[in-house]
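# Structural overview for review
One letter stands for each residue in the lines below.
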Amino acid sequence: MRGTKAMTEELEQLLKNLKLRRMREIYDEQLRAAEKEDVTYSEFVTRLVRAQWHARQEGALEWRIQRANLPERWSLESFPFARQPGANRKQIRAFAELEFIPKAENIVFTGPTGVGKTGLACGILLKALENGYRCQFIRAQDLFDEVYASLADRSTRRLLNRLSRLDVLLIDEFGYLNLKPEQSNTFFKLMEERYHRHSTVITTNLGYDEWHNFLGNKAMVDALLSRVRHYCHTVTINGPSLRDPQG
């Protein structure tokens, strides 16, 4: 590539029009590297296109993460397993392989406050997002607030359609809520529509036998639990709180 000139105004404008920003940013740098290494024109173009592709993938991931409403960028790699003996590292790593998603299996994390349920669940959700799955994080209180609002303006069907189609729906802090029967009924419909189609991840302080205390209608809760638990991994974390002051 000896004697190749820097980017022309025409080329820069073409790359701009085609929205190939990353290629524009690295063109001169890659050109100098190509001349120094005496690479072929094909390799030079490949380097430019590869960089643009990676930038586009990173942008798409960032967009999915923002839409998923992850509260924090918790990753499984940074989870303090050494401080939480109640969490089975091998089991969590198996979840990170994401085989539960195509099988439409659920994961329910149970245990006291502060043991790392949300961190582990968000770490799994982040893995799913990195692999192109459609996901959303929502706190249980916010979910039931949305349900209540949808009942008022008759948009419940639209809400259910949106949530039921997600590959992974993470419902955090499930339990200890004061619900109206209509909210519980709508939640049952949501889980019924997701049943054996898509995966739901739930974090909760409650055991399954306590769900009827806030969802009401025992017959409905029994039917709900039969669906949630049919294809489900229940992870009970009994360990120290990770929120305790250290040192």
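Note that the structure is predicted; figures quoted are calculated from it, not measured.

## Regarding the layout of surface pockets
- Roughly 510 Å³ of volume is contained in the largest pocket.
- Lining the largest pocket are 25 residues, and of these Gly114, Gly116, Lys117, Thr118 and Arg243 lie nearest its centre.
- Residue classes in the lining of the largest pocket are distributed as 8 nonpolar, 11 polar and 6 charged.
- Lining the second largest pocket we find Trp63, Arg64, Arg67, Ala68, Leu129, Tyr133, Arg134, Cys135, Gln136, Arg162, Arg165 and Leu166.

## Quick notes on the pairing of strand S4 (residues 199–204)
- For S4, a buried count of 6 out of 6 residues is recorded, marking the element as mostly surrounded by other parts of the structure.
- Both strand S3 (residues 168–174) and S4 contribute to a ladder of 5 bridges, which runs parallel. Its bridge partner being in S4, leucine 169 is matched across the sheet by threonine 200.
- Handedness of the crossover is the feature at issue here: the chain leaves S3, passes through helix H8 (residues 181–194), returns alongside S4, and the resulting connection is right-handed.

## Here we look at the pattern of salt bridges
- Under the counting rule described, the total for this entry stands at 11 salt bridges.
- For arginine 47, the salt bridge identified is with glutamate 37, shortest N-O distance 2.7 Å. With arginine 47 in helix H3 (residues 41–68) and glutamate 37 in helix H2 (residues 21–37), the pair connects residues that are 10 residues apart, well separated along the chain.
- A relative accessible area of 18% means that arginine 47 is categorised as buried.
- Overall, glutamate 37 belongs to the partly exposed group, its relative accessible area being 47%.
- As a salt-bridge pair, glutamate 62 and arginine 73 come within 2.7 Å of each other at their nearest N and O atoms. Here glutamate 62, found in helix H3, pairs with arginine 73, found in the loop between H3 and helix H4 (89–96); they are 11 residues apart in sequence, far enough to count as distant.
- Classification of glutamate 62 by relative accessible area gives partly exposed; the value is 31%.
- Within this structure, Arg21, Arg22 and Glu25 form a network of salt bridges that share partners.

Each value, and the rule that gives it
- Residues numbered from 1 in each chain as written.
- Predicted model: local features only at pLDDT ≥ 70, side-chain atom pairs only at ≥ 80, totals over all residues.
- Heavy atoms only, no water.
- 1 Å grid on protein atoms, 1.4 Å probe; cavity = no way out; pocket = protein on both sides within 12 Å on 5 of 7 lines; lining within 4 Å.
- Points joined across faces, edges and corners; volume = space filled by probe spheres on them.
- Nonpolar A, V, L, I, M, F, W, Y, C, P; charged D, E, K, R; others polar.
- Buried < 20%, exposed > 50% of the residue type's maximum accessible area, 1.4 Å probe, protein only.
- Helix = DSSP H or I, 4+ residues; strand = E, 2+ residues; numbered from the N terminus.
- Pairing = 2+ DSSP bridges.
- Right-handed = clockwise from strand over helix to strand, strands pointing away.
- Salt bridge = Lys/Arg side-chain N within 4 Å of Asp/Glu carboxyl O.

Geometry only, nothing functional implied.
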